Amino acid sequence: MELTSQQRKIKYAVLCGTLLVLHLLQNVGGLFPEIAGARCFLLLPAAVFISIGEAPFAAAMLGLFSGMLWDLTSLVHMGFNCLFFMFLCCITSALTLYIARDTFITNIILSSVAVIFYCFIYWLFFILIKGVRGAELTILSFYLPSAIYTIIISFAEYFVIKAIKDKVNHIKKQNFEG
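Note that the structure is predicted; figures quoted are calculated from it, not measured. (Residues numbered from 1 in each chain as written. Predicted model: local features only at pLDDT ≥ 70, side-chain atom pairs only at ≥ 80, totals over all residues. Heavy atoms only, no water.)

Participant: Can you help me understand the state of the cysteines in this one?
Facilitator: Linking two cysteines covalently through their sulfur atoms gives a disulfide. Scanning the entire structure with this criterion turns up zero disulfides. The cysteine cysteine 40 is free of any disulfide, with cysteine 119 supplying the nearest cysteine sulfur at 10 Å. (Disulfide = S-S within 2.5 Å.)

Participant: For this particular structure, what's the right way to read the packing of helix 1 (residues 5-27) against helix 6 (residues 135-169)?
Facilitator: The angle between the axes and the distance between the axes are what describe a pair of packed helices. The contact between helix 1 and helix 6 brings their axes to 9 Å, and the two run at 160 degrees. Taken together, the axis directions place helix 1 and helix 6 in an arrangement best described as roughly antiparallel. The way helix 1 lies across helix 6 gives a crossing that is right-handed. Only Glu157, Ile161, Ile164, Lys165, Val168 and Asn169 of helix 6 make contact with helix 1, whose side of the interface consists of Lys11, Val14, Leu15, Thr18 and Leu22. In terms of residue class, the contact of helix 1 with helix 6 is built from six nonpolar, two polar and three charged. (Axes fitted to C-alpha atoms, helices over the stretch in contact; angles between N-to-C directions. Helix = DSSP H or I, 4+ residues; strand = E, 2+ residues; numbered from the N terminus. Parallel < 35°, antiparallel > 145°, perpendicular 65-115°, else oblique. Left-handed = near helix turned anticlockwise from the far one by under 90°. Contact = heavy atoms within 4.5 Å. Nonpolar A, V, L, I, M, F, W, Y, C, P; charged D, E, K, R; others polar.)

Participant: Teacher, can you tell me more about a nonpolar patch on the surface here?
Facilitator: On the surface, a nonpolar cluster with roughly 320 Å² of combined accessible area is contributed by Leu20, Leu24, Val28 and Leu31. Tracing the backbone shows leucine 31 in the loop between helix 1 and helix 2 (43-51). (Patch = residues over 30% accessible without salt bridge, like charges linked within 9 Å, V, L, I, M, F, W, Y side chains within 5 Å. Areas by Shrake-Rupley, 256 points an atom, 1.4 Å probe, with all protein chains shown as cover. Salt bridge = Lys/Arg side-chain N within 4 Å of Asp/Glu carboxyl O.)

Participant: Explain helix 3 (residues 56-72) to me, please; I cannot follow it from the model alone.
Facilitator: Spanning 17 residues, helix 3 covers 24 Å between terminal C-alpha atoms, matching the ideal 24 Å at 1.5 Å per step. For helix 3, every residue scored as buried is listed here: Pro56, Ala58, Ala59, Ala60, Leu62, Gly63, Ser66, Gly67, Leu69, Trp70 and Asp71. Tucked into the core, helix 3 has its buried residues touching helix 1, helix 2, helix 4 (80-98) and helix 5 (104-128). (Expected span 1.5 Å × (residues − 1). Buried < 20%, exposed > 50% of the residue type's maximum accessible area, 1.4 Å probe, protein only.)

Participant: Is there a simple way to explain the side chain of serine 66 in this structure?
Facilitator: Along the polypeptide, serine 66 turns up in helix 3. Once residues lying within four places of it in the same chain are set aside, the contact partners of serine 66 are Leu19, Leu43, Ala47 and Phe85.

Participant: Can you walk me through the packing of aromatic side chains in this structure?
Facilitator: All chains considered together, the criterion is met by 24 aromatic pairs. Taking the centre distance of 6.4 Å and the plane angle of 70 degrees together, the rings of phenylalanine 41 and phenylalanine 142 count as edge-to-face. Taken together, the residues phenylalanine 41 in the loop between helix 1 and helix 2 and phenylalanine 142 in helix 6 connect sequence positions 101 residues apart. Phenylalanine 41 sits in the buried class, given a relative accessible area of 4%. Measuring from centroid to centroid gives 5.8 Å for phenylalanine 84 and phenylalanine 117, while their planes differ by 25 degrees, and the two rings are stacked. One end of the pair, phenylalanine 84, is in helix 4; the other, phenylalanine 117, is in helix 5, with 33 residues separating them in the sequence. A residue is classified by how much of its surface remains accessible, and phenylalanine 117, at 46% relative accessible area, is partly exposed. (Phe/Tyr/Trp six-rings, centres within 6.5 Å; stacked < 30°, edge-to-face > 60°.)

Participant: Mind showing me how you'd approach unusual backbone geometry here?
Facilitator: Trans is the prevailing form of peptide bonds, just as negative phi is the prevailing case for residues other than glycine. At alanine 36, a position not held by glycine, the phi torsion is positive, near 55 degrees. Within the element layout of this structure, alanine 36 appears in the loop between helix 1 and helix 2.

Participant: Honestly, the packing of helix 5 against helix 6 in this entry has me stumped. Any pointers?
Facilitator: Two elements in contact, helix 5 and helix 6, have axes whose closest approach is 10 Å; the angle formed by their N-to-C orientations is 155 degrees. By the angle between their axes, helix 5 is roughly antiparallel relative to helix 6. In terms of crossing hand, the pair formed by helix 5 and helix 6 is right-handed. For the pair helix 5 and helix 6, contact is made by Phe104, Asn107, Ile108, Ser111, Ser112, Val115, Ile116, Cys119, Tyr122, Trp123, Ile127 and Leu128 and by Ala135, Glu136, Thr138, Ile139, Tyr143, Ala147, Thr150, Ile151, Ser154, Phe155, Tyr158 and Phe159, respectively. The residue makeup of the contact of helix 5 with helix 6, split by class, is 17 nonpolar, six polar and one charged.

Written as structure tokens, this is what we have:
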């Protein structure tokens, strides 16, 4: 059953609200635990999970929103996360729409690859190339542990996002008729 315009608005409002809550958990100090200095990047797997099963344009816009949220809390590299998330979400959406199926394994593999790729690209462009002191060790002391922590947490995050997506994709029409 095709969702009506009002149902689609509610669906995307709920998905954006979910991304906003994950952004707050990720970026407000003390709301989500750090383990040995490693931070969990909650927005990255969530953006991938949400974009899978959506149209590529809608996925790109959700990715743009996720990246914008992350960029709002950073003082440097403004726009990097917006572009990265937008392309990532569009590619994962198109990949699962035309090539792969939307399964647990597909979701975990795509989000894991995205997390590792993000950590490496960010480290390469904004730490190593900029010449930050001790840049060579930050890949092992921060980015790799953060990637592993994020991948482990993404297993649980998948089920939460899937439950939310299942709920908003199957909104009954009678809920909106007086």
